[in-house]
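# An overview of the molecular structure
Here are the chains, one letter per residue:
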Amino acid sequence: MHASMFVATLFGAALAHPVEGEDTTAQFLANEAILVTAGETKILFDPLFTHSYGYPLVEPDTKARLMASEGEFDGVDAVLVSHVHGDHFDAPEMNAYLAAHAEVILVAPHQAQLDMRAAAGWQEGFVERLRILPFTAQPQELVIAADDVADAIRIEAVHIPHAGGPGRSHIQNMVYRVTLNGEATVMHLGDATQDPRDYTPHQAHFQAHETHNAFPPYWLIADWGGDRVRATLNADHVTGIHVPINAPISVRASREDFFTEAGETRAVHGHY
């Protein structure tokens, strides 16, 4: 639960030992908001946002429990933000969350910090708990300690452009591959483009480490097909996210897996 962080110079360092029989689960909250739990280690992806744009919002009672660290949200170690669009990130809410949870680490692109500093509720003391990712083409590696395990949360982050072409090129969209307790690895792609040319430079990164469950935006599955997504990301399983309230035909007709209903869960299977 209580988290601190160290920059890893070599990702090949020994992984934390998983607890025997420990299950890892991913719980869908809304849009691209996901809670991943591995024993007592917990992370949240894109949990706090206020704009719908046709996508589901986190239910008010769920957000209240999240903000109060009640139920399944008790003991969150880290929050990871993919990018700063309003259906993924709200700076005042993030400031309020950090103020209420003094030991949670925030991993986010540089643009998120700029928004937070300009928003209500910013405290300079947050800086020591921010792990801000620069706008770079190079993979970045972080290690966060949790529950007295130095490498409980291992994060590899790479920038993949936001979908929508050159008009969105100024948005810093991060793709996170996270290994929890040395056992299960998940990937969250934010609003990553479906242009395959943007993945080619990062093939060594994707192939270097297997992902057990990846969560791409639905359009990546719709455009590429599940087999190509799994092969490109080196993922055993993919579950599509960012599905509109009125799900497109490509999702309704697909035999691939998608998160569409709040509260849905998936088991994350993987051992090393």
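Just above, that's the structure.
Fair warning: this is a prediction, and the values are worked out from it, not measured in the lab.

### Describing the pairing of strand S15 (residues 265-268)
Of the two faces of S15, the one holding Arg 266 and Val 268 is buried and the one holding Thr 265 and Ala 267 is not buried anywhere. Across 4 bridges, strand S2 (residues 24-30) lies against S15 in antiparallel orientation. Note on S15: the bridge partner recorded for Gln 27 is Thr 265.

### Details of the sheet that holds strand S6 (residues 105-109)
The strand order S7-S6-S5-S4-S3-S2-S15 describes an open sheet built from 7 strands, whose pairing is mixed. If you trace the sheet from one side to the other, it starts and ends with strand S7 (130-133) and S15, each paired once. Direction aside, the axes of adjacent strands within the sheet are offset by 20° on average. Pairing geometry for strand S4 (residues 41-45) and strand S5 (residues 78-80), over 3 bridges, is parallel. Along S5, the bridge assignment pairs Leu 44 with Val 79. Helix-sheet contacts for helix H3 (residues 110-118) involve S6 and S7, and the interaxial angle to S6 is about 110°.

### Focus: the pattern of salt bridges
Taken as a whole and judged by the stated rule, the model has 10 salt bridges. As a salt-bridge pair, Arg 65 and Glu 72 come within 2.6 Å of each other at their nearest N and O atoms. With relative accessibility at 23%, the residue Glu 72 sits in the partly exposed group. Note that Asp 195 is salt-bridged to Arg 197, the shortest N-O span being 2.7 Å. By sharing partners, the salt bridges in this structure join Asp 227, Arg 230 and Glu 256 into a single network.

### Concerning the packing of helix H1 (residues 60-68) against helix H2 (residues 91-100)
Here H1 crosses H2 at 40°, and the two axes come no closer than 9 Å. Between H1 and H2, the interaxial angle falls into the category oblique. Two secondary-structure elements touch here, H1 through Lys 63, Leu 66 and Met 67 and H2 through Glu 93, Ala 96, Tyr 97 and Ala 100. A per-class count over the contact of H1 with H2 returns 5 nonpolar, no polar and 2 charged.

Here is what the cut-offs are and how they apply
Residues numbered from 1 in each chain as written. Predicted model: local features only at pLDDT ≥ 70, side-chain atom pairs only at ≥ 80, totals over all residues. Heavy atoms only, no water. Buried < 20%, exposed > 50% of the residue type's maximum accessible area, 1.4 Å probe, protein only. Helix = DSSP H or I, 4+ residues; strand = E, 2+ residues; numbered from the N terminus. Pairing = 2+ DSSP bridges. Axes fitted to C-alpha atoms, helices over the stretch in contact; angles between N-to-C directions. Contact = heavy atoms within 4.5 Å. Salt bridge = Lys/Arg side-chain N within 4 Å of Asp/Glu carboxyl O. Parallel < 35°, antiparallel > 145°, perpendicular 65-115°, else oblique. Nonpolar A, V, L, I, M, F, W, Y, C, P; charged D, E, K, R; others polar.

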